[in-house]
Amino acid sequence: MREQLKALVQLAEIDSKARGIDDQLQGLPRELEERRNAVKKLEELVQRQRTSLSDAERLLAQQEIDLANRNEALSKAKSKGAKAKNAREAEMAERELEGARRSIKDGETERDRLRERIEKTRIGLAAPQGSLDDARAELAEGESALEGKLSTLREERTAIVQGREVYVAKIAKEHLRIYDRIVKGKAPPVCEIVNGNCGACRMAVAPQRAVQIQKGEILNCQMCQRFLYHRNLFLD
């Protein structure tokens, strides 16, 4: 019975280490996927800003054309004023000139505001673009190193579980069934008695049960059902 309890403890240690590596084997690809999602969000942000910038630049080009047309209209109005034959024609030409000047001034104001907006957008694009470049570089580095890390972890896991079957063979089937049931939902499945309590759930262990466990009997915690052992188990 004592040897079975030792085997349970050693089996639990192996499975705990293996589970830790399994967590890394699952966690590393998940972490990389989170990085991919972060890069994708940054790409979408940068693309929205680039689209906004492109739209503004197209509008600016259109405004420049519109201002050129207004300046041409101003030149024509000046030509009309110069050719006026009487006061009435001169007055009409002056009104046309004044309207053309106001139109140009308004257009220039709109153009200058748009130029300022474009410049702010360009400046604002620098930070997310820099973050995107850094995130892409980190992602590329992580993707390059991932397979090597996973391969190393798999090798470590293989080494850890080597000889596991030796301990399994020492344990009675009824205890293994209980062990397998516990290990699926709770870790660790085997706990040391610490200061008279279960090392996992802290439930007090009855003195008589503690004595039996110290002698090497296989007993479970009455609260969490984990197997219990005393540190003296490995002193002999």
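Description of the structure in this document. Keep in mind that this is a model prediction, so the values were computed, not measured.

About the cut-offs
Residues numbered from 1 in each chain as written. Predicted model: local features only at pLDDT ≥ 70, side-chain atom pairs only at ≥ 80, totals over all residues. Heavy atoms only, no water. Core = buried A, V, L, I, M, F, W, Y, C linked by side-chain atoms within 4.5 Å. Buried < 20%, exposed > 50% of the residue type's maximum accessible area, 1.4 Å probe, protein only. Helix = DSSP H or I, 4+ residues; strand = E, 2+ residues; numbered from the N terminus. Contact = heavy atoms within 4.5 Å. Salt bridge = Lys/Arg side-chain N within 4 Å of Asp/Glu carboxyl O.

## Concerning the nonpolar core
Residues Leu25, Val39, Leu114 and Ile118 are the most contacted members of the largest nonpolar core, which totals 17 residues. Only α1 (2–83) and α2 (87–161) provide two or more residues apiece to this core. Of all the elements, α2 adds the most residues to this core, at 9 residues. In this structure Leu114 touches Ala56, Leu59, Leu60 and Gln63, once residues within four positions along its chain are discounted.

## A closer look at the pattern of salt bridges
Summed over the entire model, instances satisfying the criterion amount to 22 salt bridges. The partner of Glu3 in a salt bridge is Lys6, with the nearest N and O atoms 3.8 Å apart. One end of the pair, Glu3, and the other, Lys6, are both in helix α1, 3 residues apart, so they sit about a helical turn from each other. In this structure Lys6 comes out as buried when scored by relative accessible area, which is 14%. Here Glu64 ties to Arg111 by a salt bridge, and the two come within 3.8 Å at their closest N and O atoms. Highlighted residues: Glu64 in helix α1 and Arg111 in helix α2, separated in sequence by 47 residues.

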